[in-house]
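Breakdown of the fold
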Amino acid sequence: MGRTGFLRAATLAVALTFAGLASAATELAPDFLLAAAGGKTVGLAQYRGQVVMLNFWATWCGPCRQEMPVLEQLHRKYKPLGFTLLGINVEPDSAGAVEWLKATPVSFPILFDTDSKVSKLYTVSGMPSTVIVDRKGNLRYLHRGYKAGDENEYLDQIRALVREP
C-alpha cells in the first residue's frame, strides 16, 4: 500500500475509533522512530506484543499538564501486565519539555516529535490526543482532550486490551 493509501487507512481507523467503533478498527498503527529523552531512538514496532498508549502533549497545554500524573499512575500500575505508555511531546523545541519534566518526572519514555511528522501520521489536531494500540499493533481507541475523570475510560480500555491475547 502506498503512503497515501496507508494514511487514508490510518485516518479511517482513527475515525472509526473516534466514532465508538473501536472493535471494528483493524488497521495497523503507523510505525515511527523518534528521539527520546536520554538520547535513544524509540519506535512503536519495538513494543509489538504490548498494549501501547501514545499520548501527544505539549507543555503549554493545561489539560496535558493535569493529565501527566494520572498517566504516570496508569503506566506504573499496568506495566507489569504488558502495557506501556509513550509520551510524545509535539513542540518544535524540546528544551521546555525536558525542563518541565524535571518538576513532574515520569517513568515512561518521552519522545520528541519536533517536526510533527508523527502527529500528522496520527492526524493529531488538538492537545492532548491519546491513541491506544492493541498487542497486535492495531489502532483501537482515540481520545481528544482531557478532563478529570477521563482516566476511568482509559482504565476500562487498558484492562480490556491487556486481557486480549
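Residues take numbers from 1 onward in each chain, read along the sequence in its written order. Given that the model is predicted, a residue must reach a pLDDT of at least 70 before its local features are reported, and side-chain atom pairs must reach 80 or more before they are shown or counted; all residues, however, enter totals for whole chains, interfaces and linings. The basis for the side-chain values is all heavy atoms of the structure; hydrogens and waters are excluded.

1. Observations concerning the side chain of Asn55
For the record, the criterion: Helix numbers and strand numbers start at the N terminus; a helix is a DSSP run of H or I with at least 4 residues, a strand a run of E with at least 2. Between buried and exposed lies partly exposed: a residue is buried under 20% and exposed over 50% of the maximum accessible area for its type, with that area taken using a 1.4 Å probe on protein chains only. Under this definition, polar contacts are N or O atom pairs within 3.5 Å; protein pairs additionally need one hydrogen-donor-capable and one acceptor-capable atom, and for neighbouring residues in sequence, both atoms have to be side-chain atoms. A contact between two residues is defined here by any heavy atoms of the two lying within 4.5 Å.
Of note, Asn55 is situated in strand E3 (residues 51–57). Residue Asn55 is classed as buried on the basis of its relative accessible area of 1%. Within polar-contact distance, the side chain of Asn55 engages the side chain of Thr130 at 2.8 Å. Beyond its immediate stretch of four places on either side in the chain, Asn55 contacts Glu67, Leu71, Leu85, Leu86, Gly87, Ile88, Pro128, Ser129 and Thr130.

2. A short note on the state of the cysteines
Let me state the cut-off plainly: Note on terminology: disulfide denotes any pair of cysteine sulfur atoms within 2.5 Å.
Within this structure, the stated rule accounts for one disulfide. Across the disulfide, Cys61 is cross-linked to Cys64 (sulfur-sulfur distance 2.4 Å). Between Cys61 and Cys64, the disulfide has an S-S torsion of 80° and is therefore right-handed. Note on accessibility: Cys61 and Cys64 belong to one class, buried.

3. Description of the confidence of the model for the protein
The condition is simple: Here pLDDT means the predictor's own confidence in every residue, given as a number from 0 to 100.
The predicted model of the protein averages 88 in pLDDT, with 85% of residues at 70 or higher. A low-confidence stretch, residues 1–25 stays under pLDDT 50, and its non-local contacts, those more than four residues away or across chains, total 33 contacts.

4. Considerations on the pattern of salt bridges
Two side chains carrying opposite charge are able to pair once their charged atoms lie near each other. Quick note on the threshold: When a carboxyl oxygen of Asp or Glu lies within 4 Å of a side-chain nitrogen of Lys or Arg, that pair is called a salt bridge.
This structure, assessed with the given rule, holds seven salt bridges. Glu99 is paired through a salt bridge with Lys102; the nearest N and O atoms lie 3.2 Å apart. Within this pair, Glu99 and its partner Lys102 are both found in helix H3 (residues 95–103), separated by three residues, close to a single helical turn. Under the relative-accessibility criterion, Glu99 is labelled partly exposed at 49%. A relative accessible area of 59% means that Lys102 is categorised as exposed. Two residues, Arg159 and Asp156, come together in a salt bridge whose shortest N-O distance is 3.7 Å. In this pair, Arg159 and Asp156 both sit in helix H5 (residues 150–163), three residues apart, roughly one turn of the helix. Salt bridges here are not isolated pairs; linked through shared partners, they connect Asp134, Arg140 and Glu164.

5. Digging into the nonpolar core
Here is the rule: For this analysis, a nonpolar core means a set of buried residues of the types Ala, Val, Leu, Ile, Met, Phe, Trp, Tyr and Cys, connected via side-chain atoms within 4.5 Å.
Judged by nonpolar contacts, the single largest core of 49 residues is most densely connected at Phe32, Met53, Leu54, Phe56 and Tyr122. Those residues in contact with Leu54 that sit more than four places away from it in its chain are Phe32, Leu44, Leu86, Ile88, Tyr122, Ser129, Thr130 and Val131.

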